[in-house]
Amino acid sequence: MSLPTALAEAALERGDYGQCLELLEPLTHDRPISDPEGARIRMLMVTAWMGQGQEEKALSTCRLLTRCRDTDLRNRAKQLLEVLEAPSLQRPASWSMQLPTLDMDPTMGGAPASTRRSRRKGPPPPPPPPTGPTKAAAPGFAVLVIAVLVALTLLLGGCGRLNTEIDLVGPNRIQLGWSSDSGTGRLLPWQTAFARELRRGTWPWQQKTTGLQQGSQRFQAPVLRAAAAEQLLSDTMASAGQATGLQLPKPSLQLHERNWLIGVQQRLELDVDLQPLKDLPLPDLSVSISPVPRQINKRRSTPLSTVTHNTRLEWPLQPGARNQLTLQCWHWSPLGLGTVLVLFLLGFSLLLQQLRLKLGFGYPELPS
């Protein structure tokens with residue numbers, strides 16, 4: 001989210017629709033409505049126009065937003081369109097009761113107001129508070145309030161679970177994935193926001209829909225090298241932090257390998273710092289690594305320990321702490337084992353041939 005857009009949202013939250021439109025109108029020249037960010041800017045402008053009473057502008061723009069690619073914005077635009085197109089009903093005059101204004105005449109037995117005030121004992125009442133245009137809060141405070149509200153909206157959307165999938169496909173090959181489950185049978189607000197951030201970026205995430213239950217989502221990236229997978233994981237977590245108004249430290253994913261021809265020795269080091277998320281109601285966070293062979297030479301995790309399920313390693317993450325995992329294992333190489341077997345059979349065949357010659361049998365092709 002750009003700084004002008006954040007300031008425009010802050011102005012919209014405090015009711016300053018004019019300043020919101022002044023900040024958003026220059027952005028419409030570079031962001032067409034077909035662009036996801038441009039559609040989001042138009043949605044903010046529609047809300048500001050509705051606040052100013054400019055229903056015609058809001059209505060025309062809202063009709064265009066009903067055909068945008070973003071499913072969430074398209075549904076919101078349809079809801080606003082129903083509100084804007086709803087007929088306005090006039091209130092009958094008979095439903096209200098009007099009281100006449102009574103002016104007391106001093107000659108009719110009632111004392112004037114000034115005389116009654118002069119007879120009142122005690123000090124005069126304090127003057128009423130001054131009226132006028134309400135001053136807007138400081139921009140920094142408004143941005144802080146919006147960040148807190150967005151974080152609470154995304155994080156308090158329910159319990160659920162968010163899992164990071166790391167598949168060790170082969171030597172120096174990693175495939176990342178994200179899966180979430182609300183546990184309620186429907187998608188929660190934080191799931192929708194997180195999926196929108198994944199689709200909005202330029203990362204190669206693909207959503208998987210087959211075999212999923214209601215309220216579950218799964219995104220998967222293609223097979224990447226270890227360095228590219230680490231960069232992808234860092235960018236994704238940074239985007240998730242921006243969606244919740246938090247600045248998360250970059251995670252570290254390092255894969256060290258040594259090839260011994262018959263197998264590969266792998267050492268996976270994962271470091272995820274979740275100290276900024278202390279005392280926040282988060283879903284259950286975890287990391288799953290697969291496939292994990294039986295030959296695990298070294299495994300160390302802090303602060304929570306890992307659990308092995310068949311060929312998958314489950315590692316729960318603890319918010320408010322620095323989570324570190326070190327996994328060292330051995331993978332047999334079928335190609336390397338086949339090469340060693342062929343070399344062994346070839347050497348054994350040559351050894352038998354030498355023994356045959358020493359015994360005087362000669363070569364198989366020649367008579368003895």
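Residues numbered from 1 in each chain as written. Predicted model: local features only at pLDDT ≥ 70, side-chain atom pairs only at ≥ 80, totals over all residues. Heavy atoms only, no water.

Trainee: Mind showing me how you'd approach the overall build of the chain here?
Mentor: If you tally the helices and strands in the chain, you get 10 helices and 11 strands. The burial tally for the chain puts 34% of its 368 residues in the buried class. The contacts of the chain with a sequence gap of at least 6 include a subset with a gap of at least 24, amounting to 60%. (Helix = DSSP H or I, 4+ residues; strand = E, 2+ residues; numbered from the N terminus. Buried < 20%, exposed > 50% of the residue type's maximum accessible area, 1.4 Å probe, protein only. Contact = heavy atoms within 4.5 Å.)

Trainee: Any chance you could explain the environment of V264 here in plain terms?
Mentor: Mapping V264 onto the fold places it in strand β6 (residues 263-273). Linking V264 and G170, residues 94 residues apart in sequence, is a C-alpha distance of 9.3 Å. Discounting chain neighbours no more than four positions away, the residues touching V264 are P171, E257, R258, N259, C329, W330 and H331.

Trainee: Is there a simple way to think about the packing of helix α4 (residues 55-65) against helix α5 (residues 71-85) in this case?
Mentor: What describes two packed helices is the angle between their axes and the distance between those same axes. Taken N-terminus to C-terminus, the directions of α4 and α5 make an angle of 145°; their axes are 8 Å apart at the nearest point. Classified by chirality, the crossing of α5 by α4 is left-handed. In contact with A58, L59, C62, R63 and L65 of α4, α5 contributes L73, R74, A77, L80, L81, L84 and E85. For the contact of α4 with α5, a count of residues per class yields nine nonpolar, no polar and three charged. (Axes fitted to C-alpha atoms, helices over the stretch in contact; angles between N-to-C directions. Left-handed = near helix turned anticlockwise from the far one by under 90°. Nonpolar A, V, L, I, M, F, W, Y, C, P; charged D, E, K, R; others polar.)

Trainee: Looking at this structure, how should I read the nonpolar core?
Mentor: Side chains that are nonpolar tend, in soluble globular proteins, to be buried together. Among the nonpolar cores identified, the biggest contains 38 residues, and I166, I174, L176, W205, L253, L270 and I289 are the most heavily contacted of them. In terms of residues, this core owes the most to one element, helix α9 (residues 226-243), which gives five residues. With sequence-adjacent residues up to four places away left out, L270 is seen in contact with I166, L233, S252, L253, V287, W315, N323, Q324 and L325. Among the nonpolar cores identified, the runner-up in size contains 23 residues, and L24, V46, L59 and L65 belong to it. (Core = buried A, V, L, I, M, F, W, Y, C linked by side-chain atoms within 4.5 Å.)

Trainee: Is there a simple way to explain the pairing of strand β2 (residues 173-181) in this structure?
Mentor: Consecutive side chains along a regular strand alternate between the two faces of the sheet. Most of β2 is tucked away: seven of the nine residues are buried. Between strand β1 (residues 161-170) and β2, which follow one another and run antiparallel, lie two residues, and N172 among them has a positive phi close to 55°. The sheet contact formed by β2 and strand β4 (residues 216-220) spans five bridges and is antiparallel. Looking at β4, one finds that G177 is bridged to Q220. (Pairing = 2+ DSSP bridges.)

Trainee: How should I be thinking about the side chain of N163 in this particular structure?
Mentor: Relative to the helices and strands, N163 is located in strand β1. Within the structure, N163 has its side chain in polar contact with the side chain of S288 (distance 3.1 Å). Excluding anything up to four places from it in sequence, N163 contacts G177, W178, S179, S286, V287, S288 and E314. (Polar contact = N/O pair within 3.5 Å; in protein donor to acceptor, adjacent residues only side chain to side chain.)

Trainee: For this particular structure, what's the right way to read the layout of surface pockets?
Mentor: Gaps left between atoms show up when a probe the size of a water molecule is rolled over them. Approximately 250 Å³ is the volume found for the second largest pocket. Of all elements in the fold, only α3 (36-52) and α8 (189-200) reach the threshold of two or more residues within the lining of the second largest pocket. A per-element tally of the lining of the second largest pocket places α8 first, with three residues. For the lining of the second largest pocket, the class distribution of residues is four nonpolar, two polar and six charged. (1 Å grid on protein atoms, 1.4 Å probe; cavity = no way out; pocket = protein on both sides within 12 Å on 5 of 7 lines; lining within 4 Å. Points joined across faces, edges and corners; volume = space filled by probe spheres on them.)

Trainee: Teacher, can you tell me more about helix α1 (residues 3-13) here?
Mentor: The α-helix winds at 3.6 residues per turn, so residues separated by three or four positions along the chain end up facing the same way. Among all positions of α1, only T5, A6, A8, E9, A10, A11 and L12 are buried. Trailing α1 by a residue or two, G15 shows a phi angle of about 85°, which is positive.

Trainee: What is the right way to look at the packing of aromatic side chains in this model?
Mentor: Under the defined criterion, the tally for this structure stands at one aromatic pair. Ring centres of F344 and F348 lie 6.4 Å apart, and the angle between their planes is 15°; on these two criteria the pair is classed as stacked. With F344 and F348 both in helix α10 (residues 334-358) and four residues apart, the pair spans about one turn of that helix. (Phe/Tyr/Trp six-rings, centres within 6.5 Å; stacked < 30°, edge-to-face > 60°.)

Trainee: Explain the pattern of salt bridges to me, please; I cannot follow it from the model alone.
Mentor: A side chain with one charge may pair with a side chain of the opposite charge, provided their charged atoms come close. Applying the stated criterion to the full structure yields six salt bridges. Of the charged contacts in the structure, one is a salt bridge between E269 and R267, with a shortest N-O distance of 2.8 Å. Classification of E269 as partly exposed rests on a relative accessible area of 24%. Its salt-bridge partner being D271, residue R322 comes within 2.6 Å of it at the nearest N-O pair. Within this pair, whereas R322 is found in strand β11 (residues 322-332), its partner D271 is found in strand β6, the two being separated by 51 residues in sequence. Residue R322 is classed as partly exposed on the basis of its relative accessible area of 46%. (Salt bridge = Lys/Arg side-chain N within 4 Å of Asp/Glu carboxyl O.)

Trainee: How should the confidence of the model for the chain be read in this particular structure?
Mentor: Detail in the predicted coordinates should be disregarded across regions flagged by low pLDDT. Counting all residues, the mean pLDDT for the chain is 75, and 73% of those residues have values of 70 or more. Element-level mean pLDDT values for the chain span from 42 in helix α7 (residues 139-155) up to 90 in strand β10 (residues 312-316). In the model, residues 113-120 has pLDDT below 50 throughout and makes one contact with residues more than four positions away in sequence or in other chains. Of the regions scoring below 50 in pLDDT, residues 129-158 engages in 32 contacts with residues more than four places distant in sequence or in other chains. (pLDDT = per-residue confidence, 0-100.)

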